Amino acid sequence: MAATRPAVIALTALAPVSWGSTYAVTTELLPPDRPLFTGLMRALPAGLLLLALARVLPRGAWWGKAAVLGVLNIGAFFPLLFLAAYRMPGGMAAVVGSLGPLLVVGLSALLLGQRPTTRSVLTGVVAALGVSLVVLEAAGGLDPLGVLAAVASTASMSTGTVLAGCWGRPDGVGPLALTAWQLTAGGLLLAPLALLVEGAPPALDGPAVGGYLYLALANTALAYWLWFRGIGRLSATQVTFLGPLSPLTAAVIGWAALGEALGPVQLAGMALAFGATLAGQRAPRERPVAIAAPFGSASKNGRKDSMDLMGPALRR
C-alpha cells in the first residue's frame, strides 16, 4: 500500500534532522582537519553495505549518471561540507546551506523549465532569514576558504538534488540501489584523494570509531535512502525545503548537549524557518507533473508504486 504524502514528507524530513547532528559529531568526536578521510568513512562503508543489500548494478547510461550524482551528492559534497565544518563555525555554514532551496528553485527553472513562483522564492528567503537568526549570533569571524567550501557544497548538493529528480530511476530499480550507487561512486572517488592529499589514515580512538559508525549508518545510509526516496515521490523543490530542519536540529543539539544558548531571537528564527519548511511542502499544481514525470515510469511499467518501501528492489 502506497504511503500517503504527509507520511512521505515526514519520513524524508528524518534525513535533514539526522544531518543536523553532523557538525556536533564532527567537532566533538572525529579527528581534526581530515575532511577527505571523514567524507570517505561516511560514504564508502554505507555505499558498499547498501550495494550488498540491493544487489543491483547500473546498466548502460546509468553508469555515467550514477557517477555524476555520486560526485555531486557525495564525492564533492561530503569533503566540502566537512572542510567548511572544520574551518568555520557551524552557524555560518548553516546560513550558507540554508540558501539551498533558492538554488534548487533556480536550477529547476534552468534545467527542468519550471518557472519560479513568487511563493517559492519568498519561502526560500524566509527560510534563509530564519536560519540566519538562529545561528548568526554565534557565527564568529569569516574564513574565506571555509565560506567557499560551504557555498560549493550547497551548490553541489542542490544540483545533485535537481538532477536526481530530473533523471528519476531506471526501470525496475528502487531507491535503495540508486542510493548505493551514489554512495559507492562518491566513496571510490574520495579514497585515492584522501590518501594522496591527507596521507595515511589517522589513529582512531573509541569516540572516533563510534562517530564514524554513526555517520556511515544512520547519518548516511539510512538518511540518504530516505532523502532520495523522497525525491522520487515529491518535487525537488519540496524536498529541498526540508533542508532548514538540519540547522534547526543542530541548534537544538547545541542547546541540549553543548550548552549553547537559545534566546528570543533564535526562537523567532526557528519559528520562521520551520514555517517556511511547512510552506515549502505546498507545491503548485503544475509542479508534480513537471518533476514527477521522470518517476512516472511506475505507471508505464504497470507498477502502482515503484518507490514502495516493501518492494524487493527497494533500498536506500
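Preceding block: the structure.
**Examining helix 4 (residues 62–75)**
Between its first and last C-alpha atoms helix 4 spans 17 Å; for 14 residues at 1.5 Å apiece the expected length is 20 Å, and the helix comes up short by more than 12%. Among all positions of helix 4, only Trp62, Ala66, Leu69, Gly70, Leu72, Asn73, Ile74 and Gly75 are buried. On the buried face of helix 4, the contacting elements are helix 3 (35–54), helix 5 (77–87), helix 9 (144–167), helix 10 (175–198) and helix 11 (206–233).

**So, a nonpolar patch on the surface**
A cluster of nonpolar side chains, namely Leu49, Leu53, Leu204, Val209, Leu213 and Leu217, defines an oily patch on the protein surface of about 510 Å² accessible area. Contributing elements (two or more residues each) for the nonpolar patch: helix 3 and helix 11. Turning to its location among the elements, Leu213 is positioned in helix 11.

**So, the environment of Ser158**
Counting through the fold element by element, Ser158 comes out in helix 9. Sequence separation of Ser158 and Phe77 is 81 residues, and the distance between their C-alpha atoms is 9.8 Å. Sequence-distant contacts of Ser158, that is, excluding residues within four places in its chain, are made with Gly100, Leu103, Val104 and Leu107. Of the polar contacts made by the side chain of Ser158, one reaches the backbone oxygen of Thr154; its length is 2.8 Å.

**A look at the packing of helix 10 against helix 11**
The contact between helix 10 and helix 11 brings their axes to 9 Å, and the two run at 120°. The angle between helix 10 and helix 11 falls in the class oblique. As helix 10 packs across helix 11, the resulting crossing turns out to be right-handed. In this structure, helix 10 contributes Pro175, Leu176, Thr179, Gln182 and Leu183 to the contact, and helix 11 contributes Thr220, Ala221, Tyr224, Trp225, Phe228 and Arg229. Among the residues making up the contact of helix 10 with helix 11, the classes are represented as seven nonpolar, three polar and one charged.

**Overview of the nonpolar core**
Note on soluble globular proteins: their nonpolar side chains tend to be buried together. By size, the foremost hydrophobic cluster in this structure holds 46 residues, and its most contacted members are Trp19, Phe78, Trp181, Tyr224 and Trp227. Listing elements by their share of this core, those giving two or more residues are helix 1 (5–19), helix 3, helix 4, helix 5, helix 9, helix 10 and helix 11. Looking at which element gives the most residues to this core, the answer is helix 11, with 10 residues. Ranked by size, the runner-up nonpolar core spans six residues in total, among them Val134, Leu248, Ala251 and Met270.

**Focus: the side chain of Thr161**
Along the chain, Thr161 falls in helix 9. Beyond its immediate chain neighbours, meaning those up to four positions away, Thr161 contacts Asn73, Trp227, Ile231 and Ala236.

**Quick look at the pattern of salt bridges**
Applying the stated criterion to the full structure yields one salt bridge. For the salt bridge of Glu198 with Arg34, the shortest nitrogen-to-oxygen distance reads 3.3 Å. In this pair, Glu198 is assigned in helix 10 and Arg34 in the loop between helix 2 (22–29) and helix 3, connecting sequence segments 164 residues apart. Classification of Glu198 by relative accessible area gives buried; the value is 19%.

**A look at the packing of helix 5 against helix 9**
Axes are the key here: two packed helices are described by the angle between their axes and the distance separating the axes. For the pair helix 5 and helix 9, interaxial distance at closest approach is 8 Å and the crossing angle is 150°. When the interaxial angle is binned, helix 5 and helix 9 end up roughly antiparallel. Helix-helix and strand crossings are classified by hand; for helix 5 and helix 9 the assignment is left-handed. The segment helix 5 lies against helix 9, with Phe77, Leu80, Leu81, Leu83, Ala84 and Arg87 engaging Leu145, Gly146, Ala149, Ala150, Ala152, Ser153, Ser156 and Met157. Here the contact of helix 5 with helix 9 is composed, by residue class, of 10 nonpolar, three polar and one charged.

**Observations regarding the environment of Trp167**
Summarising the element assignment, Trp167 is placed in helix 9. Among the residues examined, Trp167 registers a relative accessible area of 25% and is labelled partly exposed. Measuring from C-alpha to C-alpha, the distance between Trp167 and Gly232 comes to 9.9 Å, with 65 residues separating the pair along the chain.

Procedures and definitions
- Residues numbered from 1 in each chain as written.
- Predicted model: local features only at pLDDT ≥ 70, side-chain atom pairs only at ≥ 80, totals over all residues.
- Heavy atoms only, no water.
- Helix = DSSP H or I, 4+ residues; strand = E, 2+ residues; numbered from the N terminus.
- Expected span 1.5 Å × (residues − 1).
- Buried < 20%, exposed > 50% of the residue type's maximum accessible area, 1.4 Å probe, protein only.
- Contact = heavy atoms within 4.5 Å.
- Patch = residues over 30% accessible without salt bridge, like charges linked within 9 Å, V, L, I, M, F, W, Y side chains within 5 Å.
- Areas by Shrake-Rupley, 256 points an atom, 1.4 Å probe, with all protein chains shown as cover.
- Salt bridge = Lys/Arg side-chain N within 4 Å of Asp/Glu carboxyl O.
- Polar contact = N/O pair within 3.5 Å; in protein donor to acceptor, adjacent residues only side chain to side chain.
- Axes fitted to C-alpha atoms, helices over the stretch in contact; angles between N-to-C directions.
- Parallel < 35°, antiparallel > 145°, perpendicular 65-115°, else oblique.
- Left-handed = near helix turned anticlockwise from the far one by under 90°.
- Nonpolar A, V, L, I, M, F, W, Y, C, P; charged D, E, K, R; others polar.
- Core = buried A, V, L, I, M, F, W, Y, C linked by side-chain atoms within 4.5 Å.

Purely geometric stuff here, so don't read any function into it on its own.
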